[in-house]
Amino acid sequence: MSVFKDAGHLLRFAGLFVLAFLVFLVVRGYVVPKSFGQYGHYRGNAIGEIAAHPIQYAGHQACETCHADVLDVKKNGKHAHVNCEACHGALAKHADDPSTVKPVLPDTAALCARCHTASAAKPKGFPQVVPAEHSNGMPCETCHQPHSPGMDAPATAVGGAK
Amino acid sequence: MKITRRQMLILLPAAAVAWESVLAGTPEASPNYKMADHWWSMLIDIPKCIGCGNCVRACQAENDVPDGYFRTWVERYNVSDEDMTNPHVISPDGGKEGFPVAQEDGEKYFFVPKMCNHCADSPCTQVCPVGATFESPDGVALVDQTYCLGCAYCVQACPYGCRYIHPVKKVADKCTLCYHRITKGLTTACCEACPTGARQLADLKNPKDPIHEFLKTHSVQVLKPYMATGAKVFYNGLDGSVR
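Everything numeric in this text was worked out from a predicted model, so none of it was measured. (Residues numbered from 1 in each chain as written. Chains lettered and ligands numbered in written order. Predicted model: local features only at pLDDT ≥ 70, side-chain atom pairs only at ≥ 80, totals over all residues. Heavy atoms only, no water.)

This paragraph deals with the domain arrangement of chain A. Here chain A is partitioned into domain 1 (7-51) and domain 2 (60-142). Distance from the C-alpha centre of domain 1 of chain A to the C-alpha centre of domain 2 of chain A: 56 Å. (Domains from an automatic or database assignment.)

The next thing to look at is the pattern of salt bridges. Residues and elements named next belong to chain B. By the definition in use, this model includes 11 salt bridges over all chains. Arg71 serves as the salt-bridge partner of Asp173, at 2.9 Å between the closest nitrogen and oxygen. Here Asp173 is found in strand S8 (residues 172-173), whereas its partner Arg71 is found in the loop between helix H2 (54-63) and strand S2 (72-79), with 102 residues between them in sequence. Residue Asp173 shares its accessibility class with Arg71, and that shared class is buried. When the shortest N-O distance is used, the salt bridge between Glu135 and Lys232 registers 3.7 Å. Of this pair, Glu135 sits in strand S5 (residues 133-135) while Lys232 sits in the loop between strand S10 (220-221) and strand S11 (233-236), and the two are 97 residues apart along the sequence. (Salt bridge = Lys/Arg side-chain N within 4 Å of Asp/Glu carboxyl O. Helix = DSSP H or I, 4+ residues; strand = E, 2+ residues; numbered from the N terminus. Buried < 20%, exposed > 50% of the residue type's maximum accessible area, 1.4 Å probe, protein only.)

Facing the 39 residues of chain A at the interface are 49 residues of chain B. Both faces combined, the contact of chain A with chain B buries some 3,600 Å², and carbon together with sulfur accounts for 61% of it. Broken down residue by residue, the surface that chain A buries against chain B is led by A:Ile50, A:Tyr57 and A:Arg114, which jointly contribute 18%. Run the count over chain A and chain B and you get 2 salt bridges. Notably, a salt bridge pairs A:Arg114 with B:Glu97, separated by 3.0 Å at the nearest N-O pair. Counting the contacts that link chain A with chain B gives 13 residue pairs in polar contact (both at pLDDT 80 or more). (Contact = heavy atoms within 4.5 Å. Buried area = accessible area lost by both parts, 1.4 Å probe. Polar contact = N/O pair within 3.5 Å; in protein donor to acceptor, adjacent residues only side chain to side chain.)

Following this line, the structure appears as structure tokens:
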């Protein structure tokens, strides 16, 4: 076959190409993480790494294991569905180590006003006051117990989380 | 102490059983979590939102979100009767410290919490050139920050403005739907901190989740439905002026 008479330079080039491809495969096998493609076009292990992020908010279930007394006060009041850390802040560290990490008591003047300051943007049924007119500068807890703020007989809780 | 083969045969299964119970007692290890059993979404009940900013602060504390950046934020809409298509929207510092008092002036005011919609067909994950962002098998849009180049294609692609480049890490950052919490049986930090239940984590694959009843009985909308992103953050009572 005279066509392939002078094909040596082409074969050498093809050989080079094959070699480069093999090198590519080896480098790729080395560089691409093992879990890449496990679930899709991404590193499968990333899911576990993201799930390993430390927790800051312990969750109300954790609080209730020790503070059952507060739960008893809360459960019939208007704040029955307000989770502990909504007011007390992130306390996973306290839940992990209750003796050394002590939570700071929230400042009710700022805390209550954050939710209950009257505004036209808030839902109409939500209890709202103009703090300056409402309390005459007295702290909220003079009249309201934060865990069960209603002042009458235990009110049935309305709204709030499940 | 010498352990015979007989003792070893008894001890090994006993140790295995004991280890099982140890694992069961530590939710952090989440060994029982199966991605195939979940399809996460969120319900935002606008008529319940009071704009306190608890969710924004909780998110920043839980996820080390840098100041001035937000994985979730709250907007206050002010819509006048005459000009519904041009609402006046404010979100001072993402609503983190609440909002200025709105006076009763006859116009419509309401709060809209915003966050990643964890779209089933997310535009952000489609544009990633390196496979650093993806929709997890349980329906959460996540970023592999060790793989991300920081090109910010995804930041531009998100129609909801839910992504940013982390100012220190220089990689894409976004809401993970508190993936580290929901895989351990906890709710998200924003839901945990919401005092009125305006935000509810929902698992669409769980037939007992109250989300199914809610979706059936309420007028629910997602943001920018015309973009067909498969958004999974459902808004109850969403006003037509919200974008």
